[in-house]
Protein chains: 2
Amino acid sequence: MDSTRTRRRRATINDVASAAGLSRGTVSRVVNGEKYVSPEAKMAVESAIAKVGYVRNSAARNLVRQESRAIGLIIHEPHSLLFEDPNIGSILLGANSVLSAADYQLVSLIIDTARDSQRVADYLRGGLVDGAVIISARTADPIATAVRNLGIPAAFVGHPPGTPDLPYVGIDNVSAARAIVERLLATGRKKVAMIACALDRDSGQDRLEGFRTAVGAAFRPDLVIEFPLYTYAAGADGMAELLRRHPDLDGVFAASDAVAAGAMATLQEHGRRVPEDVGIVGFDDSSWALRCKPQLSTVKQPADLLGRAAAELVLAQIEGKDAEVRMLETSVVWRESA
Amino acid sequence: MDSTRTRRRRATINDVASAAGLSRGTVSRVVNGEKYVSPEAKMAVESAIAKVGYVRNSAARNLVRQESRAIGLIIHEPHSLLFEDPNIGSILLGANSVLSAADYQLVSLIIDTARDSQRVADYLRGGLVDGAVIISARTADPIATAVRNLGIPAAFVGHPPGTPDLPYVGIDNVSAARAIVERLLATGRKKVAMIACALDRDSGQDRLEGFRTAVGAAFRPDLVIEFPLYTYAAGADGMAELLRRHPDLDGVFAASDAVAAGAMATLQEHGRRVPEDVGIVGFDDSSWALRCKPQLSTVKQPADLLGRAAAELVLAQIEGKDAEVRMLETSVVWRESA
DNA sequence: TTGTATGCGTTATCAT
DNA sequence: ATGATAACGCATACAA
């Protein structure tokens, strides 16, 4: 490393003040762009700053101002999701754009182990952020209750049951599911089944409810098969069982795109053509949707808007307004699988 | 919101001290787990802490200790790639695990606009982090030079041309690409094309260079097609164009697995069998590789190790050791696509 | 083992 | 318009 990188004591406001022959107060005013500072003083301070290489110490500033102008975004996802779900990137970007416009710094904190959980809690508690967005699919998340106890402005993206009653943003799974199933029915399907998952979460429950509403009187319990998780395997196995029960079915609503991908594979193995023989629709508009052949018709979640809305919820609380739960609109993306 | 969430003034060490009937010094010692504190005092302090609800103010602590025990990780990616690139998630997790073990908090800062770039630079300058990891900086990235000028311990993941001479970790994209293309050629392919991406980064440049070296005298510019990003769409479109130019090609090197997946889809749509008619190889060994049918032969990139190594480089500098550039090994994973 | 006093670098209040 | 001074909350060297 060359000499320019050797670390020497950082210049303080005092150094600038004496270099400029002015007081700390004046220097501070210049640095913060306040009024009541003469052009000459401003000049002198600016060149002194350049001369001594002054940069403001944020810790000191945060201490006296009692705020950090930073918002934490806590990512607590299983590895597989962090790797593949494009939604999380969009949420991040959405939150960032809102916070950036409000001149807040978004700092993302990831939780991978229990140790992380503790450290992140400490970080939040320490006053290094003025608020937090929590994105987490997990139920009864310890960090979530920790955040609640801190009493700092916070908002969830999604709303796993068992989490503290903090404001959250989400989508209306019931009407979204209903919309895509109605679209499926509109293609002329007569016997539509569902592979339902995660009925212990509201997303799972609500998607089933939407399905039930859409099919109406044609609803039959044995056209629904349930699995605990939104997985490819659930789709593959569930489809096999449904075909055994109802070889004549001509439509399937899978609770997620991954599930749909599994179901499609089983259908094709069993010689059913998609969409000619059986139409299939999914949910999420994740990368699975494009990797299927034919590509999946599905429900698109406005991930970036979720991030934006969550950030707005936090900002509102900081400003003392109270934050309301916000439900966002989804849209049907119609491709080739139905 | 109910009453427990109303914010009141945070308790300080003084509050604890008076509640416990002891001095601030003793309280501080207890909080920091230092020796020379009697069991009785410890008890008294602990219950006082619980009573007044004390949590330490990190800004104050950081100010006096002149360190933050946090490391910034700067993500500077185009929208579409953020988190859809599985490598980023792995790098994040890898860096996090190393820093977590060393009791440092990883804070991720994303740069999406010029405004972000400025704000992140301010954040780093302010002393809110003790070091930084910069991932996928692009050529002549302003934040990269800013970090260098700050003189804080830092390391790059990857090494775009034109960036400051800071330590970095990377893989040898040239020889990795060369290795897999040679393996492809060894299957008897005579006319091998490449879908190249991201030529504004070293990874893109080097993979192309590796390809060129491997094919040697058989290299022809029109067998290479270029795209700005490593995407499925680039693969699909690029393959279509290559087939138009050279209907008789029998091998393809895609610059990433996502690109290869897109290319494979196009090949199959055009009635080419993989690997019988055309052999295809990718790069990354991401989840795309396993979901393709047939599964992709590819280069395994140790993304988590890159994150770990970069974190270690930063930690080493903090400890005053000097950090050396580290190149990590890649390996060819041979499956069914070629 | 405990208490006291000083300083960390800013901002903000109040004079001037 | 500028300067002096008092916080902000904590850690720590030193005194007791």
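Residues numbered from 1 in each chain as written. Chains lettered and ligands numbered in written order. Predicted model: local features only at pLDDT ≥ 70, side-chain atom pairs only at ≥ 80, totals over all residues. Heavy atoms only, no water.

### Regarding the packing of helix H8 (residues 173-185) of chain B against helix H9 (residues 202-215) of chain B
All names here are of chain B. Where H8 contacts H9, the axes come no closer than 7 Å and their chain directions differ by 40°. On the basis of their axis angle, the class for H8 and H9 is oblique. Classified by chirality, the crossing of H9 by H8 is right-handed. Contacts between H8 and H9 pair Asn 173, Val 174, Ala 177, Arg 178, Val 181, Glu 182 and Leu 185 from the former with Ser 203, Asp 206, Arg 207, Glu 209, Gly 210, Phe 211, Thr 213, Ala 214 and Val 215 from the latter. Residue composition of the contact of H8 with H9, grouped by class: seven nonpolar, four polar and five charged. (Axes fitted to C-alpha atoms, helices over the stretch in contact; angles between N-to-C directions. Helix = DSSP H or I, 4+ residues; strand = E, 2+ residues; numbered from the N terminus. Parallel < 35°, antiparallel > 145°, perpendicular 65-115°, else oblique. Left-handed = near helix turned anticlockwise from the far one by under 90°. Contact = heavy atoms within 4.5 Å. Nonpolar A, V, L, I, M, F, W, Y, C, P; charged D, E, K, R; others polar.)

### Overview of the packing of aromatic side chains
According to the stated counting rule, one finds six aromatic pairs over all chains in the structure shown. Ring centres 6.3 Å apart and planes at 70° place the aromatic pair Phe211(B) and Phe219(B) in the edge-to-face group. When the ring of Phe211(B) is compared with that of Phe253(B), the centres are 6.4 Å apart and the planes differ by 25°; the resulting orientation is stacked. With Phe211(B) in helix H9 and Phe253(B) in strand S8 (residues 251-254), this residue pair connects regions lying 42 residues apart in the sequence. Under the relative-accessibility criterion, Phe253(B) is labelled buried at 0%. These aromatic residues form a ring-pair network of at least three members: Phe211(A), Phe219(A) and Phe253(A). Above the ring of Tyr36(B), the side-chain terminus of Lys35(B) is found at 5.3 Å from the ring centroid. Looking at Arg183(B), its charged tip hangs above the ring of Trp334(B), at a distance of 4.2 Å from the centre. (Phe/Tyr/Trp six-rings, centres within 6.5 Å; stacked < 30°, edge-to-face > 60°. Buried < 20%, exposed > 50% of the residue type's maximum accessible area, 1.4 Å probe, protein only. Lys NZ or Arg CZ within 6 Å of the ring centre and 35° of its normal.)

### Some points on the nonpolar core
Proteins that are soluble and globular tend to have nonpolar side chains buried together. The biggest cluster of nonpolar side chains holds 153 residues, and the ones touching the most others in it are Phe211(A), Met239(A), Phe253(A), Ile195(B), Phe211(B), Met239(B) and Phe253(B). Setting aside its immediate chain neighbours within four residues, Phe253(A) contacts Ala177(A), Ile180(A), Val181(A), Val192(A), Ala193(A), Met194(A), Ile195(A), Arg207(A), Phe211(A), Val281(A), Gly282(A) and Phe283(A). Judged by nonpolar contacts, the second largest core, of 42 residues, contains Ala154(A), Phe156(A), Val107(B) and Ile152(B). (Core = buried A, V, L, I, M, F, W, Y, C linked by side-chain atoms within 4.5 Å.)

### Here we look at the protein's contact with DNA strand C
DNA strand C sits among 27 residues. The nearest are Ile13(A), Tyr54(A), Thr26(B), Tyr36(B) and Ser38(B). Counting only the atoms of DNA strand C that lie within 4 Å of the protein, the sugar and phosphate share comes to 65%. Here a phosphate oxygen of DNA strand C sits 2.8 Å away from a polar atom, N or O, in the side chain of Thr26(B). At the level of elements, helix H2 (24-31) and helix H4 (58-65) of chain A together with helix H2 (24-31) and helix H4 (58-65) of chain B are the ones that each hand at least two residues to the surface near DNA strand C. Its residues placed into classes, the surface near DNA strand C shows 11 nonpolar, 10 polar and six charged. (Near = heavy atom within 4 Å. Polar contact = N/O pair within 3.5 Å; in protein donor to acceptor, adjacent residues only side chain to side chain.)

### Some words on the sheet that holds strand S6 (residues 192-197) of chain A
Residue and element names in this part refer to chain A. A sheet is described by the order of its strands in space; here four strands give the open sequence S7-S6-S8-S9, paired in parallel fashion. Looking at strand neighbours, the two that pair on one side only are strand S7 (224-227) and strand S9 (279-281), the edges of this open sheet. Each strand of the sheet is rotated relative to its neighbour by a mean of 15°, with strand direction disregarded. Strand direction decides the pairing type here: S6 and S7, joined by four bridges, are parallel. Each bridged residue has a counterpart across the sheet, and for Cys 197 the counterpart in S7 is Phe 227. Across the sheet, helix H10 (residues 202-215) touches S6, S7 and strand S8 (251-254), and the angle it forms with S6 is around 170°. (Pairing = 2+ DSSP bridges.)

### What to know about the interface of chain A and chain B
Contact residues are listed per partner, giving 56 residues for chain A and 59 residues for chain B. Carbon and sulfur atoms supply 52% of the area that chain A and chain B bury against each other, a total of about 5,300 Å² over both sides. At the junction of chain A with chain B, the criterion picks out two salt bridges. Ionic pairing is found between Arg115(A) and Asp103(B), a salt bridge with its closest N-O pair at 3.8 Å. Applying the counting criterion to the chain A and chain B interface returns 19 residue pairs in polar contact (both at pLDDT 80 or more). Where the side of chain A that touches chain B is concerned, the elements lending two or more residues are H4, helix H5 (79-84), helix H6 (86-101), strand S2 (105-110), helix H7 (114-125) and helix H13 (287-291) of chain A. For the side of chain A that touches chain B, the element with the highest residue contribution is H6(A), accounting for seven residues. Residues of the side of chain A that touches chain B, tallied by class, amount to 24 nonpolar, 16 polar and 16 charged. (Buried area = accessible area lost by both parts, 1.4 Å probe. Salt bridge = Lys/Arg side-chain N within 4 Å of Asp/Glu carboxyl O.)

### Quick look at unusual backbone geometry
For the bond running from Lys293(A) to Pro294(A), omega is 0°, close enough to zero to count as cis. Here Pro294(A) lies in the loop between H13 and strand S10 (298-300). Following Val274(B), the chain continues to Pro275(B) via a peptide bond in cis, the omega torsion being 10°. Mapped onto the elements, Pro275(B) comes out in the loop between helix H11 (257-269) and strand S9 (279-281). Look at Gln66(B): it is not a glycine, yet its phi comes out positive at around 60°.

### Overview of the sheet that holds S9(B)
To summarise the sheet geometry, strands pair through backbone hydrogen bonds and adopt either a parallel or an antiparallel arrangement. All names here are of chain B. Ordered by their spatial adjacency, four strands build an open sheet running S7-S6-S8-S9, and the pairing between neighbours is parallel. Of all the strands in the sheet, just strand S7 (224-227) and S9 have a single pairing partner and so form its edges. When the angles between neighbouring strand axes are averaged without regard to direction, this sheet yields 15°. With four bridges joining them, strand S6 (residues 192-197) and S8 adopt parallel strand pairing.

### A closer look at the domain arrangement of chain A
Once the domains are mapped, chain A shows domain 1 (13-56), domain 2 (70-170 + 304-328) and domain 3 (173-300). Relative to domain 2 of chain A, the C-alpha centre of domain 1 of chain A lies at a distance of 38 Å. (Domains from an automatic or database assignment.)

### Looking at the protein's contact with DNA strand D
Neighbouring DNA strand D are 27 residues, the closest being Tyr36(A), Ser38(A), Ile13(B), Tyr54(B) and Arg61(B). The sugar-phosphate portion of DNA strand D accounts for 68% of its atoms within 4 Å of the protein, the bases making up the rest. One nitrogen or oxygen atom from the side chain of Tyr54(B) is found 2.6 Å from a phosphate oxygen belonging to DNA strand D. Within the contact set of DNA strand D, a phosphate oxygen lies 2.7 Å away from a side-chain nitrogen or oxygen of Arg61(B). At the level of secondary structure, the elements contributing two or more residues to the surface near DNA strand D comprise H2 and H4 of chain A together with H2 and H4 of chain B.

### Brief notes about the relation of the copies chain A and chain B
For the pair chain A and chain B, the superposition axis carries a translation of 0.6 Å, the fit reaches an RMSD of 2.2 Å, and the rotation angle comes to 175°. One copy is carried onto the other by what is essentially a two-fold rotation axis. Judged by C-alpha distance, Ser108(A) is the residue of chain A that lies nearest the rotation axis, at 1.8 Å. Take the interface residues of chain A: 93% of them recur as interface residues in chain B, which is what a same-surface contact looks like. (Least-squares fit on C-alpha atoms with pLDDT ≥ 70 in both.)

### Side note on the pairing of strand S3 (residues 131-135) of chain B
Residue and element names in this part refer to chain B. For S3, a buried count of five out of five residues is recorded, marking the element as mostly surrounded by other parts of the structure. Burial along S3 is two-sided: the face carrying Gly 131, Val 133 and Ile 135 and the face carrying Ala 132 and Ile 134 are both buried. Sheet topology places strand S1 (residues 70-75) next to S3; five bridges connect them, and they run parallel. Within the sheet, the bridge partner assigned to Ile 75 lies in S3 and is Ile 135. Sheet analysis places S3 next to strand S4 (residues 154-157), joined by four bridges and oriented parallel. Considered in S4, the bridge of Ala 132 is made with Ala 154.

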